[in-house]
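Overview (structure and organization)
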Amino acid sequence: MTITRLPAPPTASAVDAWHAVVTAAHAHDLPAGVPAPGRAETEGKLRHSSVSGHTVHLAATAPDGSYDGVASLLLFTDEANRHTACLDVLAVRPGARRRGVGAALWAAARAELAAEGRTSVSTVLEPGGAGEEFATGLGFENVLPLGWYVQNVRAALDAHPQPPELPEGYAYAQWAGVVPDAHADAFAEAHNAMEDAPNGDRDEQSPRWDADRVRAAAQLIVDRGGVILSSVVLHPAGGNAVAAYTELVLRDPSDVRALQYDTVVAPAHRGRALGRAVKRHMLSMVSAQQPGVREIATTVADDNGPMLAVNEQLGYRRERAAAVFQAKL
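The following paragraphs examine the structure supplied in this document. (Residues numbered from 1 in each chain as written. Predicted model: local features only at pLDDT ≥ 70, side-chain atom pairs only at ≥ 80, totals over all residues. Heavy atoms only, no water.)

Moving on: the overall build of the protein. If you tally the helices and strands in the protein, you get nine helices and twelve strands. Computed over its C-alpha atoms, the radius of gyration of the protein comes to 20 Å, within 12% of the 20 Å expected for a compact globule of 329 residues. On the principal axes, the C-alpha backbone points of the protein span a range of 65 × 40 × 35 Å. For the protein, the residues scored as buried account for 48% of the 329 residues in total. Pairs at least 24 apart in sequence give 72% of the contacts found in the protein among residues at least 6 apart. When the accessible surface of the protein is split by element, carbon and sulfur atoms take 52% of a total near 14,700 Å². (Helix = DSSP H or I, 4+ residues; strand = E, 2+ residues; numbered from the N terminus. Rg over C-alpha atoms; globule rule 2.2 N^0.38 Å. Buried < 20%, exposed > 50% of the residue type's maximum accessible area, 1.4 Å probe, protein only. Contact = heavy atoms within 4.5 Å. Areas by Shrake-Rupley, 256 points an atom, 1.4 Å probe, with all protein chains shown as cover.)

With that settled, consider the nonpolar core. Counting residues in each nonpolar core, the largest one holds 22 residues, and the members touching the most others are Leu73, Trp106, Leu113, Val121 and Phe140. Sorting the residues of this core by element identifies strand E2 (53-61), strand E3 (67-76), strand E4 (85-92), helix H3 (101-115), strand E5 (120-125) and strand E12 (317-328) as the ones contributing at least two each. With five residues, H3 is the single largest residue contributor to this core. Core analysis: the next-biggest nonpolar cluster, separate from the first, contains 20 residues, Ala156, Met285, Val286 and Tyr316 among them. (Core = buried A, V, L, I, M, F, W, Y, C linked by side-chain atoms within 4.5 Å.)

Time to look at the environment of Arg99. Its place among the elements puts Arg99 in the loop between E4 and H3. Note: C-alpha distance between Arg99 and Leu6 (93 residues apart in sequence) is 22 Å. Among the polar contacts listed, one links the side chain of Arg99 to the backbone oxygen of Gly95, at a separation of 2.9 Å. (Polar contact = N/O pair within 3.5 Å; in protein donor to acceptor, adjacent residues only side chain to side chain.)

An α-helix turns once every 3.6 residues. As a result, residues three or four positions apart point the same way. Those residues of helix H6 (residues 181-191) lying buried are His183, Ala184, Phe187, Ala188, Ala190 and His191. The buried side chains of H6 occupy one side of the element, clustering within an arc of 155° when seen end-on. Facing away from the buried surface of H6 by more than 90 degrees, the exposed residues are Ala182, Asp185 and Glu189. Where the residues of H6 are buried, they touch strand E7 (171-176), helix H7 (211-223), strand E8 (227-235), strand E9 (241-250) and strand E10 (257-265). (Arc of directions from axis to C-beta.)

Its place among the elements puts Glu204 in the loop between H6 and H7. Judged by relative accessible area, Glu204 falls into the buried class, the value being 19%. Side-chain polar atoms of Glu204 contact the side chain of Arg202, separated by 2.8 Å. Beyond its immediate stretch of four places on either side in the chain, Glu204 contacts Phe76, Asn81, Thr84, Ser122 and Asn199.

Right, let's talk about the pairing of E3 for a bit. Where burial is concerned, most of E3 is hidden: ten out of the ten residues are buried. Pairing between E2 and E3: nine bridges, direction antiparallel. Bridge assignment links Ala59 to a residue of E3, and that residue is Val70. As defined by bridge partners, E3 adjoins E4 across seven bridges and the pair is classed as antiparallel. Looking at the pairing, Ala71 lines up with Leu90 of E4. (Pairing = 2+ DSSP bridges.)

Let's shift gears to unusual backbone geometry. Excluding glycine, a negative phi dihedral is what most residues carry, and trans is how most peptide bonds are arranged. The omega torsion of the bond from Ala8 to Pro9 falls at 0°, within 30 degrees of zero and hence cis. Locating Pro9 in the fold gives a position in the loop between strand E1 (2-5) and helix H1 (12-29). Located in the positive-phi region is Arg98, a residue other than glycine, with phi close to 65°. Following the sequence through the fold, Arg98 ends up in the loop between E4 and H3. Positive phi is not limited to glycine here, since Ala273 has a value of about 65°. Among the secondary structure elements, Ala273 is positioned in the loop between E10 and helix H8 (274-289). You can call Ala273 exposed: its relative accessible area is 52%.

Below you can see the structure in the form of structure tokens.
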């Protein structure tokens, strides 16, 4: 077994070998109803790094050239998070477990973290599984309990046939892909309202958003082969401010389960049920533009009572537990 960095850009055979590991691990570790990542998603993530930093991809190569395990590190480059990083993936093929593959990948990842001067690293795991046992043995601790919640699109539309009428002075808007220039600055300002979202004891801080960053984040999803939809509530009387927004992502256009990204209501506009309104408006958008989507999945922190209440009203059900685990280095 040899630990190597993936070439940049990765070859087609390297993408295939990587994809074989993550899909095998997914099938072994997660419930059958959770869709596995598609190859387009795998290739997109290997070819295009995050707007938040640069990525290191490591593979444990078997003698026959296949991969026994893989790991991806996201090394943040924004000023507030240069001390920390995210272990985005550490997966071992089920048939290669208990042979030191995971430990070897972690040792290589830790060396990268040390070389970069990082003092902590976080990852998202399913509590109670083999991943938690492995991570806690390395010093990781649960710093933010979460849950995965899933909404059936058809059932939600039947229960709520129309988006709610907005309070006077507000209006819905929507777009696919990159934010239109007319809304870019206001959309970035609304993103900064995420600063008060529950963060547990994580070292990672919410980045500062500007128009260039929101454009780049959406373009990255497109470049990776995915789709991003945005639904917003505008307050035209307040200088066309973005009072609330939600984003939905298909990592592959063929996905039947979409991912709900951020849902945010700006502080000055809270208490008007805009979070529920904008999420219901998104249901109409995804139904019209991506009719193959049957489910929407999202994570919510266990202590985020307001968002849990909104999701319950819209028919989300808890599918499984998750958590952010963090290790000090």
